[in-house]
Amino acid sequence: MSYRYPRSVRLRRREEFDLLFREGKRARGAYVRMLYIKAPESVGTRIGVAVGKKQGKSCVRNRGRRLLKEAARRLLPWLREDYWIVLQLSSAGLTKGARDIYFDMADLWRREGLMRADWPGADFTPWTKGEENE
């Protein structure tokens, strides 16, 4: 099982983002907001990240993007096939840590039925102090 966030699973084109913002189903967690649709023509699962300029300076926005990408990377192996997802952080989420974002995203994806049946649950990876430093 691969734990990468490869280029092939990223939403990159404006048309893809426009489709999601126009027709996507919206869901909201405590810190993560999400738009998603079933992918057209079975082109595979793709994930995009959007952080608005009104949410803070570039260093804050970049940190938010990194947090979202890392949480998505950890959950990607258990995501159901052929969904397009755009992830956003709420303003409160910009001040939270990676662990909080991960657990909120896992709960949100589970509630919306995006996780596969063999998903072992949000605690599949130990969050130990040693892992954070590596």
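Residues numbered from 1 in each chain as written. Predicted model: local features only at pLDDT ≥ 70, side-chain atom pairs only at ≥ 80, totals over all residues. Heavy atoms only, no water.

1. Regarding the packing of helix α2 (residues 58-75) against helix α3 (residues 98-111)
Inference 1: Close contact between α2 and α3 brings their axes to 9 Å; oriented N to C, the two are set at 50°. Comparing their axes, α3 and α2 come out oblique. You can see that α2 and α3 cross each other, and the crossing is right-handed. Two secondary-structure elements touch here, α2 through Leu67, Leu68, Ala71, Ala72, Arg74 and Leu75 and α3 through Ala98, Ile101, Tyr102, Met105, Ala106 and Trp109.
Inference 2: For the contact of α2 with α3, the residue count by class is 11 nonpolar, no polar and 1 charged. (Axes fitted to C-alpha atoms, helices over the stretch in contact; angles between N-to-C directions. Helix = DSSP H or I, 4+ residues; strand = E, 2+ residues; numbered from the N terminus. Parallel < 35°, antiparallel > 145°, perpendicular 65-115°, else oblique. Left-handed = near helix turned anticlockwise from the far one by under 90°. Contact = heavy atoms within 4.5 Å. Nonpolar A, V, L, I, M, F, W, Y, C, P; charged D, E, K, R; others polar.)

2. Quick look at the packing of aromatic side chains
Inference 1: One pass over the full model with this rule turns up 2 aromatic pairs.
Inference 2: Where tyrosine 36 meets tyrosine 83, the ring centres are 6.3 Å apart and the plane angle is 55°; that geometry is what we call tilted. Remark: tyrosine 83 occurs in strand β4 (residues 83-89) and tyrosine 36 occurs in strand β2 (residues 32-38); sequence separation between them is 47 residues. As far as burial versus exposure is concerned, tyrosine 36 and tyrosine 83 are alike and both buried.
Inference 3: Ring centres of tyrosine 102 and phenylalanine 103 lie 5.2 Å apart, and the angle between their planes is 70°; on these two criteria the pair is classed as edge-to-face. (Phe/Tyr/Trp six-rings, centres within 6.5 Å; stacked < 30°, edge-to-face > 60°. Buried < 20%, exposed > 50% of the residue type's maximum accessible area, 1.4 Å probe, protein only.)

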